[in-house]
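Fold and geometry: a report
Below are the chains, spelled out letter by letter.
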Amino acid sequence: QELTRGYQAEIISLGRYQPRDLWHEVLFYFLNNSLVGLQLFLAGLLPVVGPLLLLLYGSLSLGSLMGHIYASGLGAALWPAIIGHSALELFATVLAASAGFRLGLWLLAGIRDRQITNPGTMFRHLAHLLMLALVLYGIGALIEAGWSHHPLVSAGMRYGLGMTIWVLFIAYGIYVFRTPRYA
């Protein structure tokens, strides 16, 4: 019941919308999502097994939650609410997990391989990945708290923002993986 309350039309209609403390919600969403990223980073220290178990658990949990909300007949309110920030949060989560996975592989590589990639270079690279993840979590939290549930923002605007962000991330991924470093 509590899960579906935030997506019911009579709760989010313009007449009954209650302004909330924006920065309190931004902080809540940022800390919640950053904690997921931190867990995946730490799980990466157990290469393959750790991230896969957490991703499987998260997929089952969120999938069942979204399925419950959708089966309750609230899918029309659910998808516009999550599309605007989903790309940011998913990309940040992948960055955090890949940073942990990279650190775990580096620790398992042994002394010989550690001399090839010195610790300073490795930790600078990890810090860049984690800082980018935190920035993306922050932007996602702003979007989620600020306008994902606001009644004055139309579903079309939310879908437009979400699709724009997804296209930018896909274009960035194509650009990065086409560079000689990854070829």
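Structural data are supplied above this passage.
Keep in mind that what you see is a predicted model, and the values were worked out from it rather than measured.

Some points on a nonpolar patch on the surface
- On the surface, Leu35, Leu38, Leu42, Leu45 and Leu107 cluster together to form a nonpolar patch covering roughly 430 Å² of accessible area.
- The element best represented in the nonpolar patch is helix 3 (residues 22-43), accounting for three residues.
- With respect to the helices and strands, Leu45 occurs in the loop between helix 3 and helix 4 (49-108).

Quick word on the packing of aromatic side chains
- What the rule picks out here adds up to five aromatic pairs.
- Ring geometry for Phe91 against Phe169: centres 4.5 Å apart, planes inclined by 25°, an arrangement best described as stacked. Of this pair, Phe91 sits in helix 4 while Phe169 is found in helix 7 (residues 155-178), placing the two residues 78 residues apart along the sequence.
- Under the relative-accessibility criterion, Phe91 is labelled partly exposed at 23%.
- Judged by its relative accessible area of 17%, Phe169 falls in the buried class.
- Seen in terms of ring centroids, Trp106 and Phe123 are 5.8 Å apart; in terms of plane orientation they differ by 70°. Their pairing is edge-to-face. Here the residue Trp106 occupies a position in helix 4, and Phe123 occupies one in helix 6 (residues 119-146), the gap between them amounting to 17 residues.

A closer look at the packing of helix 3 against helix 4
- Packing of helix 3 against helix 4 leaves a shortest axis separation of 6 Å and a crossing angle of 40°. If you check the angle between helix 3 and helix 4, you find them oblique. Every pair of crossing elements has a handedness; the one defined by helix 3 and helix 4 is right-handed. Between helix 3 and helix 4, the contacting residues are Asn33, Gly37, Gln39, Leu40, Phe41 and Ala43 on the first element and Gly50, Pro51, Leu54, Leu55, Glu89, Thr93, Ala96, Ala97, Ala99, Gly100 and Leu103 on the second.
- A per-class count over the contact of helix 3 with helix 4 returns ten nonpolar, six polar and one charged.

Conventions adopted
Residues numbered from 1 in each chain as written. Predicted model: local features only at pLDDT ≥ 70, side-chain atom pairs only at ≥ 80, totals over all residues. Heavy atoms only, no water. Patch = residues over 30% accessible without salt bridge, like charges linked within 9 Å, V, L, I, M, F, W, Y side chains within 5 Å. Areas by Shrake-Rupley, 256 points an atom, 1.4 Å probe, with all protein chains shown as cover. Salt bridge = Lys/Arg side-chain N within 4 Å of Asp/Glu carboxyl O. Helix = DSSP H or I, 4+ residues; strand = E, 2+ residues; numbered from the N terminus. Phe/Tyr/Trp six-rings, centres within 6.5 Å; stacked < 30°, edge-to-face > 60°. Buried < 20%, exposed > 50% of the residue type's maximum accessible area, 1.4 Å probe, protein only. Axes fitted to C-alpha atoms, helices over the stretch in contact; angles between N-to-C directions. Parallel < 35°, antiparallel > 145°, perpendicular 65-115°, else oblique. Left-handed = near helix turned anticlockwise from the far one by under 90°. Contact = heavy atoms within 4.5 Å. Nonpolar A, V, L, I, M, F, W, Y, C, P; charged D, E, K, R; others polar.

The analysis is restricted to geometry; functional conclusions fall outside its scope.
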